[in-house]
Amino acid sequence: EFPYRIVVLETILTVSTCKFENRNRDYSDYSGSVPASSRVETNKGGAIWSDGFITVNLEQTTFIGNQAELQGGAVLFPSRTALTSKVSSCAFISNAAWSGNGGALYIPGGTVDIDLTTFKANRAAGQGGALYISSGAAANVVESYFEANVAAQGGAICKFQCKSPQPSNCRS
C-alpha cells in the first residue's frame, strides 16, 4: 500500500503492482497558511495528479476509495501532452469525484490506452462515472470491464459533453 498521493510534473511516471486506498484530495488537507494560488490543483486527482509534458504508465495497480473534490477521483492525467499514457491490468473500485467529472480517471489531454482494466462502482457528480475524456484528449479502451459506475451523464464513459466513445471488446 502507498499511503501518500503522488504529484508528478515534467517526467515519466510508471507505477506497477501498487495499491492506492482512501486517498482524499480537497482543500482541508492543507493548513490555512498555504496561499490559495498554491492550492488550485489540490482538489484534483485523489491518488495521482500529473501535469506537464509527461507520460503516466499504470500497470497491475489497484485504486480503491480514492476521492477528489473536482476531477479524477483516483487519477488526473496530464493536460499538456502529445504523449501516450497507458493503463493496463488495473482495477478502479469505489473512487469518486464529488462535484466534478471522472470518478476514476480524468483525461484532459493527450491519449491514454486502457486495456484489461476493471472499473467498478465509481462515481462522479458531473460526467463520466468511471472515465471522463476531455475535448482535447483521446482514450483507446480495449478488453476492459465496467460495472455499476454512476454519473449525471455517462455512467461508465463520457467523451467531452458525452459524445459517443468507441470502446472495443469491453464487458458491462
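Coordinates for the structure precede this section.
Below is a summary of the structure that appears in this document. (Residues numbered from 1 in each chain as written. Predicted model: local features only at pLDDT ≥ 70, side-chain atom pairs only at ≥ 80, totals over all residues. Heavy atoms only, no water.)

1. Overview of the side chain of Asn-66
In this structure, Asn-66 sits in the loop between β7 (62-64) and β8 (67-68). On the accessibility criterion, Asn-66 (0% relative accessible area) is buried. Setting aside residues up to four positions removed in sequence, Asn-66 forms contacts with Phe-20, Glu-21, Asn-22, Arg-23, Ala-47, Gly-73, Ala-74, Ser-94, Asn-95 and Ala-96. (Helix = DSSP H or I, 4+ residues; strand = E, 2+ residues; numbered from the N terminus. Buried < 20%, exposed > 50% of the residue type's maximum accessible area, 1.4 Å probe, protein only. Contact = heavy atoms within 4.5 Å.)

2. Some thoughts on the sheet that holds strand β11 (residues 91-93)
Spatial strand order, β3-β7-β11-β15-β19: five strands in an open sheet with parallel pairing. For this open sheet the edge positions go to β3 (19-21) and β19 (145-147), each flanked by a neighbour on one side alone. Each strand of the sheet is rotated relative to its neighbour by a mean of 5 degrees, with strand direction disregarded. Judged from the three bridges that link them, strand β15 (residues 118-120) and β19 form a sheet pairing that is parallel. Across the sheet, Phe-119 pairs through a bridge with Phe-146, a residue of β19. (Pairing = 2+ DSSP bridges. Axes fitted to C-alpha atoms, helices over the stretch in contact; angles between N-to-C directions.)

Purely geometric numbers; function is a separate question.
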